[in-house]
Amino acid sequence: MSTAVQSGSSRINARTVGMALYLLFLLVPIYWLLNMSLKTNEEILSTFSLWPHNLTFANYMVIFTDSSWYSGYINSMIYVGLNTVISIAVALPAAYAFSRYRFLGDSHLFFWLLTNRMAPPAVFALPFFQLYSSVGLFDTHIAVALAHCLFNVPLAVWILEGFMSGVPKEIDETAYIDGYSFPKFFIKIFTPLIASGIGVAAFFCFMFSWVELLLARTLTSVDAKPISAAMTRTVSASGLDWGVLAAAGILTIVPGALVIYFVRNYIAKGFALGRV
Amino acid sequence: MEKTFNNKAWFMVLPVVLLVAFSAVLPLMTVVNYSVQDTFGNNQFFWAGLQWFEEVLTSERLHDALIRQFIFSGVILAIQIPLGIAVSLCIPKRGVWSSFCLVLMALPLLIPWNVVGTIWQIFGRVDIGLLGATMAALGIDYNYTQNAAHAWITIVVMDVWHWTSLVALLCFAGLQSIPDAYYQAAKIDGASRWKIFRYIELPKMNRVLLIAVLLRFMDSFMIYTEPFVVTGGGPGNSTTLLSIDLVKMALGQFDLGPAAAFSIIYFLIILLLSWVFYTVMTNYGKGEGR
């Protein structure tokens, strides 16, 4: 843009410097974790170095060869995947109803849904534990997936409703005139139109289910234990195993980074929940 | 958009209602049940009336945790909102660098919360952490496990690190919706940088800023994992926020009655505040003529 260039290079520089400083602030703690994950425990505790002098991948090997470690990643992936699918599947028709129709108690219902997004997980930890124990779902992936629906379903409805309201209603009416049945219209015409909205909603469901620990830890013990809970058991006889802890931390960042890379072009609009 | 009135739409909402009822209403009923009963073990329960509510409402413990919680959420909003706006103005408007910055900025948002805690726990340690070691080298006696002020600074900086990007990304989305013509008009009028921000950019960001304030307030109000991992609520009780206190009471001491009463009060506070925010938000939307 010529205007930006003409307005003086000093401002552009100030912005670049500001951005660089902020990114530095974000990345230094992550770099430090990466740095630690590539060192041996002796090096971590004995010498203070800004980069690993004796580069080692032993910490990562521990995680990839020990099933109590890598099964944590698989468990997390399973319940996050289940949760995302369930949330989107039930949220799609509901969001359509909210964006297209008025019905008895609609605004109250919408607010009630949102309050669940705002409910502190700490309030639900104990009752969830008892509820899922009593129906025999304790320590299963589906229990965590269902528990995470508490905050992900309202969020998915909210995001999808925002995107659906952006699609003109004339499209629905034209499709009906053309003889489309509702399911056919919804799958063939409407879903492709809000594909980016579905992507954004799925991204958010993934994100909040992936980062949540309190409920996931409360509802699991062995079989469905998430990776983030497995990280609390690095205390061994010789003290904390810092290197392995750091390596496990770095590996939890990887799936998130991959997902962000895929949605990078929708990030800005997505974070505004389709409501700009 | 004109919406048609049709009660059959309820059928489309039904799956969501059933699912959320199972995962929200049912557990909440359990909580209500506990909050009005007392037990002497053996699964025998006695009606306790409002005893737990009186006990919790008059306890120093809840008051202190509530005050700490409001201070924490207030500080978080006061830092993150202005900082987020400032950062969003620094993001390149388009091109490869724009995506590059956005991807890096979103990174902290997708790190599991206890890993965020672990990162800062390690980062702040004097013996093996960069931050702690730097502080020590500067001659500051920094120790977040012993000094309450340092513990507070650490969890606030951690939360700023973790969530400022969310505010910045929201604001950036708002900025992107401003047509170039607005800037050109301002250029012709000879508007200063401040005036452009005040009269063009800020009004356009209003809606997303409201979402940002809402999300940041709610999430900081129920924060649990990150401060728990870093400080465990200590030193003493200085960083014991509401959720940490509640989990201590419910799962640690298994004081079901008081914990349930605490939960209900906690939930009602959030409900009230959400209602205020929601009303403000929807009314604001109407005022804009949407």
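Computed from a predicted structure; not experimentally measured.

About the cut-offs
Residues numbered from 1 in each chain as written. Chains lettered and ligands numbered in written order. Predicted model: local features only at pLDDT ≥ 70, side-chain atom pairs only at ≥ 80, totals over all residues. Core = buried A, V, L, I, M, F, W, Y, C linked by C-beta atoms within 7 Å. Buried ≥ 20, exposed ≤ 12 C-beta atoms within 10 Å, placed from the backbone. Helix = DSSP H or I, 4+ residues; strand = E, 2+ residues; numbered from the N terminus. Domains from an automatic or database assignment. Contact = placed C-beta atoms within 7 Å. Axes fitted to C-alpha atoms, helices over the stretch in contact; angles between N-to-C directions. Parallel < 35°, antiparallel > 145°, perpendicular 65-115°, else oblique. Left-handed = near helix turned anticlockwise from the far one by under 90°. Nonpolar A, V, L, I, M, F, W, Y, C, P; charged D, E, K, R; others polar. Pairing = 2+ DSSP bridges. pLDDT = per-residue confidence, 0-100. Expected span 1.5 Å × (residues − 1). Bend = angle between axes of the 7 residues up to and from the residue.

## Some thoughts on the nonpolar core
So, point 1. Formed by 154 residues in total, the largest nonpolar core has its most connected members in A:A91, A:A94, A:A125, A:V157, A:L160 and B:L246.
So, point 2. Of the residues forming this core, the biggest block, 17 residues, is contributed by helix α8 (residues 141–165) of chain A.
So, point 3. Two domains share this core, each providing at least three of its residues, namely domain 1 (2–37) and domain 2 (63–271) of chain A.
So, point 4. When near neighbours in sequence (up to four residues on either side) are disregarded, A:A125 contacts A:L214, A:L215, A:T218, B:V247, B:A250 and B:L251.

## Observations concerning the packing of helix α5 (residues 67–100) of chain A against α8(A)
Residues and elements named next belong to chain A.
So, point 1. Contact geometry of α5 with α8 gives a least axis separation of 6 Å together with a crossing angle of 40 degrees. By the angle between their directions, the pair α5 and α8 is classed as oblique. Note that α5 runs across α8; the crossing there is right-handed.
So, point 2. For the contact of α5 with α8, the per-class residue count stands at 21 nonpolar, eight polar and one charged.

## Focus: the domain arrangement of chain A
Residues and elements named next belong to chain A.
So, point 1. Taken domain by domain, chain A holds domain 1 (2–37) and domain 2 (63–271).
So, point 2. Contacts between the two partners involve four residues from domain 1, matched on the other side by six residues from domain 2.
So, point 3. For the side of domain 1 that touches domain 2, a count of residues per class yields three nonpolar, one polar and no charged.

## So, the interface of chain B and chain A
So, point 1. In this complex, chain B contributes 79 residues to the contact, which on the side of chain A involves 83 residues.
So, point 2. Looking at the side of chain B that touches chain A element by element, the count peaks at 14 residues for helix α1 (residues 9–35) of chain B.
So, point 3. When grouped by side-chain class, the residues that make up the side of chain B that touches chain A number 60 nonpolar, 16 polar and three charged.
So, point 4. Relative to strand β1 (residues 4–5) of chain B, strand β1 (residues 101–102) of chain A is paired through two bridges, and the arrangement is parallel. Its bridge partner being in β1(B), A:R102 is matched across the sheet by B:F5.

## Remarks on the confidence of the model for chain A
So, point 1. This prediction gives chain A a mean pLDDT of 82; 89% of its residues lie at or above 70.
So, point 2. Taking the mean pLDDT of every element in chain A, the minimum, 44, falls on helix α1 (residues 2–6) of chain A and the maximum, 90, on α5(A).

## Some thoughts on the environment of A:L45
Residue and element names in this part refer to chain A.
So, point 1. Within the secondary structure layout, L45 lies in helix α3 (residues 41–46).
So, point 2. Classification of L45 by C-beta neighbours within 10 Å gives partly exposed; the count is 15.
So, point 3. Along the chain, L45 and Y180 lie 135 residues apart, while their C-alpha atoms are 68 Å from each other.

## Some words on helix α7 (residues 121–134) of chain A
Residue and element names in this part refer to chain A.
So, point 1. Taking 1.5 Å per residue as the helical rise, α7 with its 14 residues ought to reach 20 Å, and the 19 Å between its terminal C-alpha atoms agrees with that figure.
So, point 2. Along α7, the sharpest change in direction is near 35 degrees and occurs at P127.
So, point 3. In terms of burial, α7 is largely enclosed, as eleven of its 14 residues are buried.
So, point 4. Every buried residue of α7 is listed here: P121, A122, V123, F124, A125, L126, P127, F128, F129, L131 and Y132.
So, point 5. Positioned one or two residues after α7, G136 has a phi angle of 75 degrees, which is positive.

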